[in-house]
Amino acid sequence: MILDLARCMAPELVLITGATFVLLAGALAGDAGRSLGRRLALATTAVALALVLTAGPPETPRNLLEIQASGLSGCVRLIGLSVGLLILLVNGYGPTPEERCERLAMILYSLAGLLLTALADDLVLLFLAIELVSVPAYVLVAISRGDIRAQEAGVKYFFLGALSAALMAYGFSFLYGATGTTVLSAISLRPEATGVRIGLLLAFAGVAFKMAAVPFHLYVADVYEGASAAVAGMLGFLPKLAGLVAGIRLLMLLPGEGSGAVWVPPLPVFAMLWAVAAATMTIGNVLGLLEGNVKRILAWSGVAHAGTMLVALLVGPQTEGGPMRDGSWALMFYATVYGAANLGAFGVLELLEAGGRPAETLEDLAGLTRRHPWAGLALVVCVFSLMGMPPTAGFVGKLWVLAAAFSVGDGHPQRTAMLVLGVIAAINAAVAAAYYLRIVAACCLPPERAPLTLRSGTPGLRLGLVACGLLAVLPGLWPAGLLPWTRPDPLPGGWPTGKGIHAAIGSGEPEGKAHSAETGRQAVCPSHAAAAMPMSAGHANPAVELVFNPPCAFSPHGPGPR
Amino acid sequence: MGSITLMHYLVLGALLFCCGLLTMVVKRNAVGILIGVELVLNAANVNLVAFGRYRGAGIDGQAAALFVIVLAAAEAAVAIAIFMNFYRHLTTVDVDRGDLLRG
């Protein structure tokens, strides 16, 4: 039993063990300990990633700890660890070198929390996993720089985070009370009950904080400004993705509405998420337009991106009409691409110094493309990807989310609302271009004031920036390369939807089995097992082809062991 | 006088929750705000244990409450460390004094 559990949780166990050893390495004296810690942190993540890539079918041990490996957890492991590797590279060279090992260890703990969020099959474990993402993040913000601003950011981040955690715990207590069990896969909520409504509202408040969605977005700019740039780049990915995954897990507890193979959350939840998504996109962009500090602009743009991801979350897993209509798949692709581009943009700020202090304002960036063309190129590429400029990866992500929102089927009860939300998202994408272009224009201006210099002795940071830049562009030119890796298959029991979905699972099964036999390997979820790559890659490029024949829309393994 | 029912515990939890929220909004002292957070977490604990007794089978609710207590302790440790740093720079734990970041 314990061995089964250890095998099922191997990547998370490796991360947590590795993080502890990185902390110990930090206690060793001097530079030797610190560079050992950095190498150890990178090796830990690489080993965890290798374990994920070589893993066989996920097993689901019961009765010991409530763990459920699924297509979602496989997908989150892959993209979390890949982008996590970049985050470690970028964060390995920050200010306050004496706390480098602590910083890297906190990132590893946070990463383990993200992976556990997708893996948890128990309300308590889900709560603890979300907090395992957040608590190290509070520490990271506070220790990322030595000055008072980081301390202020840490205090602000901690209080809002603790409030949201407490709200979430209170909400979870109602969800437990309404069902009498904490096992997620055994819970089916009835949204008409008052307790369930209170519980869901409070739980989603916690999720909204992690995602930086309205009305829990106010901390974002202050925290990103106070933290070092590399830590801000991390904050744009790990907590955000953890919030989204927790949101998916909560939505899966609800009975779906909608006819045929159309997934729709119940109306009150739909209305709440709709309003939050629309407000998050709009408010994030308006606040972004008013700022002059690049870190704050990127922070507000992160709020707007959270809104776009909420649109994809709201479209949800749609099985008919091909991957272009699948909101969950679009969501994972978008989160990956956004995480990399955001990290790259913040990483360039981490690399730059304007007159001995970190570059932060638009004026600081003047002359960047002339003095340091490569750093300028990285920043411009990442900003274009955030903006959604073709042919970057951000363009494919935005297009995919919009296409999914616009192509909801006739069976969708709130079809008009979904179309309106798509229009709002499209308008916001255009508005956001204004402040992104201000950053690009600032880089191209002639140099004015204090000379911009690149911090020396940062090979890993530069390598990380190259990787971020590539990840911000290449999937735009060749989406099929990244697509299959970001595919979240439903849990073994399928998404909780109308009866049509379960029929769809049945119809998907034969194709999946044929595929498994073909590759001579028990591919459990395409994003989990590399063997399944060709299947999805064969369906090629969503940027080019808008409508597909229905592919093997659901997991090849069908309803699974449950 | 009727006997004590689930509703009594839920009302107690709701009262604790409101007290905690009010404390967080009103207090300017960082430690005071932390106490507010603890109150809200304890509201969740009261709910969990009460639901476990009246609705659940087994000890899920009680176990969950234990985990929430552990989390509260971990959060408090991190919080105190952050406050210490804040205090070293400003020689106060009044959160309104941290106003360098615009917003």
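Described in the following lines is the structure provided in the data block. (Residues numbered from 1 in each chain as written. Chains lettered and ligands numbered in written order. Predicted model: local features only at pLDDT ≥ 70, side-chain atom pairs only at ≥ 80, totals over all residues. Heavy atoms only, no water.)

1. Description of the overall build of chain A
Piece 1. Secondary structure assignment for chain A yields 22 helices and three strands.
Piece 2. Entry remark: accessible area of chain A is about 17400 Å², with carbon and sulfur atoms responsible for 68%. (Helix = DSSP H or I, 4+ residues; strand = E, 2+ residues; numbered from the N terminus. Areas by Shrake-Rupley, 256 points an atom, 1.4 Å probe, with all protein chains shown as cover.)

2. Things to note about the interface of chain A and chain B
Piece 1. Contact with chain A, which involves 42 residues of that partner, is made by 42 residues of chain B.
Piece 2. Across the chain A/chain B interface, buried area totals approximately 3500 Å², and carbon plus sulfur atoms make up 75% of it.
Piece 3. Three residues, A:Phe159, A:Tyr170 and A:Tyr176, lead the burial of chain A against chain B; their summed loss comes to 20% of the area buried on that side.
Piece 4. On the surface where chain A and chain B come into contact, there are zero salt bridges.
Piece 5. There are seven residue pairs in polar contact (both at pLDDT 80 or more) connecting chain A and chain B.
Piece 6. For the side of chain A that touches chain B, the secondary-structure elements that each account for two or more residues are helix H6 (123-143), helix H7 (148-179) and helix H9 (220-226) of chain A. (Contact = heavy atoms within 4.5 Å. Buried area = accessible area lost by both parts, 1.4 Å probe. Salt bridge = Lys/Arg side-chain N within 4 Å of Asp/Glu carboxyl O. Polar contact = N/O pair within 3.5 Å; in protein donor to acceptor, adjacent residues only side chain to side chain.)

3. Focus: H6(A)
Counting along an α-helix, one turn takes 3.6 residues, and residues three or four places apart therefore face a common direction.
Piece 1. With 21 residues, H6(A) extends 31 Å between its outermost C-alpha atoms, agreeing within 8% with the 30 Å of an ideal straight helix rising 1.5 Å per residue.
Piece 2. The buried fraction of H6(A) is high, at 19 of 21 residues. (Expected span 1.5 Å × (residues − 1). Buried < 20%, exposed > 50% of the residue type's maximum accessible area, 1.4 Å probe, protein only.)

4. Structural notes on a nonpolar patch on the surface
Residue and element names in this part refer to chain A.
Piece 1. A grouping of Val286, Leu289, Leu290, Phe406, Val423, Ile427 and Val431 is seen on the molecular surface, where their side chains present a nonpolar patch of about 590 Å² in accessible area.
Piece 2. Those elements giving two or more residues to the nonpolar patch turn out to be helix H12 (267-289) and helix H18 (415-444).
Piece 3. With three residues, the single largest contributor to the nonpolar patch is H18.
Piece 4. With respect to the helices and strands, Phe406 occurs in helix H17 (residues 393-406). (Patch = residues over 30% accessible without salt bridge, like charges linked within 9 Å, V, L, I, M, F, W, Y side chains within 5 Å.)

5. Focus: the packing of helix H14 (residues 327-351) of chain A against helix H19 (residues 459-477) of chain A
Residue and element names in this part refer to chain A.
Piece 1. The geometry of H14 relative to H19 is characterised by a closest axis approach of 8 Å and an angle of 140 degrees between their N-to-C directions. Considering the relative orientation of H14 and H19, their crossing is left-handed. Across from Phe333, Ala340, Ala341, Leu343, Gly344, Gly347, Val348, Glu350 and Leu351 in H14, the residues of H19 making contact are Leu461, Arg462, Leu465, Cys468, Leu471, Ala472 and Pro475.
Piece 2. Of the residues belonging to the contact of H14 with H19, the class tally is twelve nonpolar, two polar and two charged. (Axes fitted to C-alpha atoms, helices over the stretch in contact; angles between N-to-C directions. Left-handed = near helix turned anticlockwise from the far one by under 90°. Nonpolar A, V, L, I, M, F, W, Y, C, P; charged D, E, K, R; others polar.)

6. Observations regarding the sheet that holds strand S1 (residues 352-354) of chain A
Residues and elements named next belong to chain A.
Piece 1. Within the open sheet, the three strands sit side by side as S2-S1-S3. Their pairing is antiparallel. Only two strands of the sheet have a single neighbouring strand rather than two, namely strand S2 (357-358) and strand S3 (452-454).
Piece 2. Relative to S2, S1 runs antiparallel, the two sharing two bridges. Paired with Ala354 across the two strands is Arg357, which belongs to S2. (Pairing = 2+ DSSP bridges.)

7. Things to note about the packing of H14(A) against H17(A)
All names here are of chain A.
Piece 1. Across the interface, H14 lies against H17 with an axial gap of 9 Å and an inter-helix angle of 155 degrees. With respect to H17, the axis of H14 lies roughly antiparallel. Like other packed secondary-structure pairs, H14 and H17 cross with a definite hand, here left-handed. For the pair formed by H14 and H17, the contact residues are Gly327, Trp329, Ala330, Phe333, Tyr334 and Val337 on the first element and Ala393, Gly394, Val396, Gly397, Lys398, Trp400, Val401 and Ala404 on the second.
Piece 2. Looking at the contact of H14 with H17 residue by residue, the class counts come to ten nonpolar, three polar and one charged. (Parallel < 35°, antiparallel > 145°, perpendicular 65-115°, else oblique.)

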